[in-house]
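Structural overview
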Amino acid sequence: MLRMGLTGGIGAGKSTVAKELVDLGAVLVDADAIAREVVAPGSDGLAELVDAFGEDILQPDGSLDRPALAARAFASDEARAVLNAITHPRVGRRTAELVAAAPADGIVVQDIPLLVEGGMAAGFHLVAVVHADEDQRLRRLVEQRGMPEADARARIAAQATVEQRREVADVWLDNTGDRDAVVEQVRRLWTERLVPFERNLREGRVVDPQPVPVPAREDWHRQAQRLVARLALAAGGAAVRIDHVGSTAVPGLDAVDVLDLQITVADLDAADALAPALAAAGFPRIEDVVSDEPKPSYGAGGETDPGVWAMRLHGSADPGRPARVAVRVDGWPAQQFALLLRDWLTADAEARQEYADLKATAAAEALEATAAAEALEATAAAEAAAQHQAGAEAAAAYAALKAPWFDRAYHRAWEWAEKTGWSA
Ligand SMILES: CC(C)(COP(=O)(O)OP(=O)(O)OC[C@H]1O[C@@H](n2cnc3c(N)ncnc32)[C@H](O)[C@@H]1O)[C@@H](O)C(=O)NCCC(=O)NCCS
Ligand SMILES: Nc1ncnc2c1ncn2[C@@H]1O[C@H](COP(=O)(O)OP(=O)(O)OP(=O)(O)O)[C@@H](O)[C@H]1O
């Protein structure tokens, strides 16, 4: 089951997006609807609200007078905290029941207005934020919903900022245009990302990146932090630390668009025990990698023993966000070197340039191999197979190129570490 969190400020267009996703086949779990259910007449939720706020919040028929409660709740932070403390745990429990009842191969969309405020983002495979400018939202709420402007403003003031939502957004749905424009974005999201992501998740398959370096992207760091948060939640106490490593963690370095993450664990048994949780969170295991790491030809402290380069490798199942997750043992050379390489390349412009050149050469070779494969194959399936083969050849060519460079780099980086007093 793939779970996507859908959020956005009041009036941004969540319901509009959710409706389209349901039409496409998603299972919707709507937090606003559940929030109504848990305070329905006769519920213990409603009884608690009356205890806290008084009989004034009831209508003559005994049901909740929503405008009366809203007037209290959005007038003070304290009152809203009391309201949230009563409703949110109940909403959480009911949500869990509904999600558990969804089909195993379902794509579950959870529409949660307060996803960011509640710090829930890391619990989803993907978070989509619907965005419209504040004055646009106000206009829509006032004109189409008949909400008094002051009420709409009070709710906006009680919610997260645009910047806070950007932090958690894997997908940004722009609803500043007309309805058709956002619906088109939703359809593309569904076919290009959600459907293949769900299938990959179910089949334990990871996505491969395009093997071509792209200019360094400023948001790699932020994207990586979102994956780190997801991995941390999935790994729990087994993770000693989780870091963004590899080329995308070096500011300004052009790189293949695949995020490298490293989970540090106490030992390889801990790495193995983590595999099911990582797979369920969207990072299936790739294979047992014993020694795909650069092995220096000399060095102190056991670095030449292939055993201490052992790790477990996972990859992202999300077609929109290729990533590799190496699970390595605390203090072993490979775990230390991943952190050191990132910091050394960040500090040493010359080394960074050498490394960028190496990547560019490898990319040119990959392109040649791909072009040759395309020229040979006529059918789509054969082409896909040939592409895969070309990808493997390109990877092998890259490995052959990079091994000697890494062998030297390992020692250069450690020399730099000693000189500067670096520690992980
Ligand atoms: C205060 C209540 C009675 C007002 O009811 P009303 O029918 O006017 O609004 P409705 O429930 O349809 O919510 C509309 C929108 O208001 C915003 N909103 C609602 N509750 C909150 C809140 N506690 N904090 C910030 N914004 C909120 C959301 O954007 C939501 O989508 C109601 O919103 C409520 O019970 N809120 C507490 C539960 C809650 O937090 N729900 C939001 C998602 S779990
Ligand atoms: N692109 C659009 N153009 C014009 N009106 C829109 C557009 N998108 C949504 N609306 C309208 O704006 C209002 C708010 O949209 P919607 O109900 O989808 O937002 P929401 O985020 O679910 O709101 P809430 O936070 O109250 O649940 C609705 O009346 C909707 O019909």
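Being a predicted model, the structure only gives us computed values, none of them experimental.

A separate point is the packing of helix α3 (residues 44-53) against helix α5 (residues 77-100). Their axes nearest at 10 Å, the elements α3 and α5 cross at an angle of 170°. Judged on the interaxial angle alone, α5 and α3 are roughly antiparallel. On the side of α3, the interface is formed by G45, E48, L49 and A52, while α5 contributes V82, I86, T87 and R90. Its residues assigned to classes, the contact of α3 with α5 comprises four nonpolar, two polar and two charged.

Okay, the domain arrangement of the protein chain next. Segmentation of the protein chain into domains returns domain 1 (2-203) and domain 2 (213-420). Contact with domain 1, which involves 14 residues of that partner, is made by 11 residues of domain 2. Every element with two or more residues in the side of domain 1 that touches domain 2 is listed here: α8 (162-168) and α9 (179-203). Looking at which element gives the most residues to the side of domain 1 that touches domain 2, the answer is α9, with six residues. Classifying every residue of the side of domain 1 that touches domain 2 gives seven nonpolar, three polar and four charged.

The environment of ligand 2 is made up of 17 residues, and the closest members are K14, S15, T16, R140 and Q144. Of the residues contributing to the shell around ligand 2, the split by class is four nonpolar, seven polar and six charged.

Moving on: the nonpolar core. Membership of the largest hydrophobic core comes to 95 residues, with the highest contact counts inside it found for V127, L231, L261, I263 and V325. Ranked by the residues each element gives to this core, the list is headed by helix α12 (residues 333-347), at eight residues. Residues lining this core come from more than one domain, with at least three contributed by each of domain 1 (2-203) and domain 2 (213-420). If sequence neighbours within four positions are ignored, L261 has contacts with A224, L227, V228, L231, I242, H244, V245, A323 and V325.

Calculation rules
Residues numbered from 1 in each chain as written. Chains lettered and ligands numbered in written order. Predicted model: local features only at pLDDT ≥ 70, side-chain atom pairs only at ≥ 80, totals over all residues. Axes fitted to C-alpha atoms, helices over the stretch in contact; angles between N-to-C directions. Helix = DSSP H or I, 4+ residues; strand = E, 2+ residues; numbered from the N terminus. Parallel < 35°, antiparallel > 145°, perpendicular 65-115°, else oblique. Contact = placed C-beta atoms within 7 Å. Nonpolar A, V, L, I, M, F, W, Y, C, P; charged D, E, K, R; others polar. Domains from an automatic or database assignment. Near = placed C-beta within 6 Å. Core = buried A, V, L, I, M, F, W, Y, C linked by C-beta atoms within 7 Å. Buried ≥ 20, exposed ≤ 12 C-beta atoms within 10 Å, placed from the backbone.

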